[in-house]
There are 2 protein chains.
Amino acid sequence: MEDAGPLERLIQKRRTIRKYQNRPVEREKILRCIEAARLGPSAENVQPWRFIILDDPALRERVARKAFSGIYFTTRWAIKAPVLVVILAKLDVITNRIGAHLQNCQFYLLDIGAAVQQMALQALELDIGTSWLGWFNGKKVRRELNIPDKYHVVAMMSMGHIERWPRHEKPRRTMEEIAWFNECR
Amino acid sequence: MEDAGPLERLIQKRRTIRKYQNRPVEREKILRCIEAARLGPSAENVQPWRFIILDDPALRERVARKAFSGIYFTTRWAIKAPVLVVILAKLDVITNRIGAHLQNCQFYLLDIGAAVQQMALQALELDIGTSWLGWFNGKKVRRELNIPDKYHVVAMMSMGHIERWPRHEKPRRTMEEIAWFNECR
């Protein structure tokens, strides 16, 4: 068996990072991360992803306080992230209708998952930590940033120079639990 | 600006590969690709992904002929892929309900998008080409492989040693079209 390659090691190393250093992320690095997402694959090449990068401290904190309030308090730690990326989807009517109705699958979410994971891995290669954020008040984010209806607010991602790695390993399903050759278990 | 890193170059190089060499993919390589997916992030660590790896030539061809028939003929090229991975979701009731109803977002599709893209990038690092497949007859795949109702058939991925790269570049949205600092355009 060949040795693990650089990507393989990066995937093995990647963790959700919630503790960031209290300093900005260089825009050049942010843009290299977004570029990695831009190059992702998408159904019918629709490229449904759009990104609002919040790195202005006052605006970022204002949006974050709204986004992570009330029942969303468990995401309050992300108020301290130096960068928040709001991930939007611009839905393509035809591809999305085919996906949703004929295939019973919203392709644009697979596409955005793939693209944003390229962003997360690229960040790690640049020593930037990230966390996917799914639990936030999307309506308040929409209002604060004047996001028009043509965009669907899908998720957010926090970014920052890594202050601390998680202390504990996440439990993982074994290979046998998730993958089977030539049969369904 | 630092030079591009190994992951960055892999992301820049990655393309959808539809022409494969007529030889099997080593199981050790397949498993390293699945391992990359296994290590993906997921909402509440649900790890919703399951994979049926079809590398038995007779079974793979039988499933493929059913999957890519009728209106799905545009995916017929994938009948020749040495490996087809059927991507399933095992839905977690609570996380999926919260996602679908409160957040209006099916997190499991983002998670699977992220995990499978790690698989695609890992494949490329091992010189294996892949293509996401969204356009196939999911009911027939379910029937041929006796996939129980508890799994949702989400997508497929073809894999093989690369015979030929695509001849043309895909048109890409520019950075300005997809990313904005501190505002929504």
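Above: the structure in question.
What comes next concerns the included structure. (Residues numbered from 1 in each chain as written. Chains lettered and ligands numbered in written order. Predicted model: local features only at pLDDT ≥ 70, side-chain atom pairs only at ≥ 80, totals over all residues. Heavy atoms only, no water.)

### What about the relation of the copies chain B and chain A?
The second copy of the chain is related to the first by a rotation about an axis and a shift along the axis. Screw-axis analysis of chain B against chain A gives a translation of 0.0 Å along the axis, an RMSD of 0.0 Å, and a rotation angle of 180°. What the superposition gives is, in effect, a two-fold axis relating one chain to the other. (Least-squares fit on C-alpha atoms with pLDDT ≥ 70 in both.)

### Let's talk about the environment of Thr16(B)
All names here are of chain B. In this structure, Thr16 sits in the loop between α1 (6-13) and β1 (19-20). A relative accessible area of 25% places Thr16 in the partly exposed class. C-alpha separation for the pair Thr16 and Val141, spaced 125 residues apart in sequence, amounts to 22 Å. Dropping the residues within four chain positions of it, Thr16 is found in contact with Thr130, Ser131 and Pro166. (Helix = DSSP H or I, 4+ residues; strand = E, 2+ residues; numbered from the N terminus. Buried < 20%, exposed > 50% of the residue type's maximum accessible area, 1.4 Å probe, protein only. Contact = heavy atoms within 4.5 Å.)

### Observations regarding the pattern of salt bridges
Taken as a whole and judged by the stated rule, the model has 20 salt bridges over all chains. Ionic pairing is found between Glu183(A) and Arg185(A), a salt bridge with its closest N-O pair at 3.2 Å. Residue Glu28(B) pairs with Arg32(B) through a salt bridge whose shortest N-O separation is 2.8 Å. Linking Glu28(B) with Arg32(B), this pair stays in helix α2 (residues 27-38), spanning 4 residues, or about one helical turn. Here the salt bridges do not stand alone but share partners, grouping Glu8(A), Glu28(B) and Arg32(B) into one network. (Salt bridge = Lys/Arg side-chain N within 4 Å of Asp/Glu carboxyl O.)

### Remarks on the side chain of His161(A)
Residue and element names in this part refer to chain A. If you trace the backbone, His161 turns up in strand β5 (residues 151-164). For His161, a relative accessible area of 5% translates into the label buried. Looking at His161, its side chain comes within polar contact range of the side chain of Glu26, at 3.0 Å. Contact partners of His161, with chain neighbours within four places excluded, come to Lys19, Tyr20, Gln21, Arg23, Pro24, Val25, Glu26, Lys29, Asp127 and Ile128. (Polar contact = N/O pair within 3.5 Å; in protein donor to acceptor, adjacent residues only side chain to side chain.)

### Let's talk about the nonpolar core
In terms of nonpolar packing, the biggest core is built from 66 residues, with Phe68(A), Val86(A), Ile147(A), Phe68(B), Val86(B) and Ile147(B) touching the most fellow members. Beyond its immediate sequence surroundings of up to four residues, Phe68(B) is in contact with Phe73(B), Thr75(B), Arg76(B), Ala78(B), Ile79(B), Leu84(B), Leu133(B), Trp135(B), Phe136(B) and Met156(B). (Core = buried A, V, L, I, M, F, W, Y, C linked by side-chain atoms within 4.5 Å.)

### A closer look at a positive patch on the surface
Residue and element names in this part refer to chain A. Residues Lys19, Lys80, Arg164 and Arg167 make up a contiguous surface patch of positive charge. Along the polypeptide, Lys19 turns up in strand β1 (residues 19-20). For Lys19, a relative accessible area of 43% puts it in the partly exposed group. (Patch = residues over 30% accessible without salt bridge, like charges linked within 9 Å, V, L, I, M, F, W, Y side chains within 5 Å. Areas by Shrake-Rupley, 256 points an atom, 1.4 Å probe, with all protein chains shown as cover. Lys, Arg positive; Asp, Glu negative; His and termini not counted. Charge placed at Lys NZ, Arg CZ, Asp CG, Glu CD.)

### Some points on the pairing of strand β2 (residues 49-54) of chain A
All names here are of chain A. When you tally the buried positions in β2, you get 6 out of 6 residues, the bulk of the element. A two-sided burial pattern is seen for β2, the buried positions comprising Trp49, Phe51 and Ile53 on one face and Arg50, Ile52 and Leu54 on the other. Strand direction decides the pairing type here: β2 and strand β3 (residues 83-90), joined by 6 bridges, are antiparallel. Pairing of Phe51 across the sheet is with Ile87, part of β3. (Pairing = 2+ DSSP bridges.)

### Description of the pairing of strand β4 (residues 128-133) of chain A
Strand residues, when the strand is regular, have side chains that alternate between the two faces of the sheet. Residue and element names in this part refer to chain A. The buried fraction of β4 amounts to 5 of the 6 residues, a majority that puts the element mostly inside the structure. Summarising the sheet, β4 and β5 pair through 6 bridges and their orientation is antiparallel. Counted as the bridge partner of Ile128 is His161 from β5.

### Topic: the packing of helix α2 (residues 27-38) of chain A against helix α5 (residues 107-125) of chain A
Residues and elements named next belong to chain A. Where α2 meets α5, the axes come as close as 7 Å, and the angle between the chain directions of the two elements is 145°. For the pair α2 and α5, the sense of crossing is right-handed. For the pair α2 and α5, contact is made by Arg32, Cys33, Ile34, Ala36 and Ala37 and by Ala115, Gln118, Met119, Gln122 and Ala123, respectively. (Axes fitted to C-alpha atoms, helices over the stretch in contact; angles between N-to-C directions. Left-handed = near helix turned anticlockwise from the far one by under 90°.)

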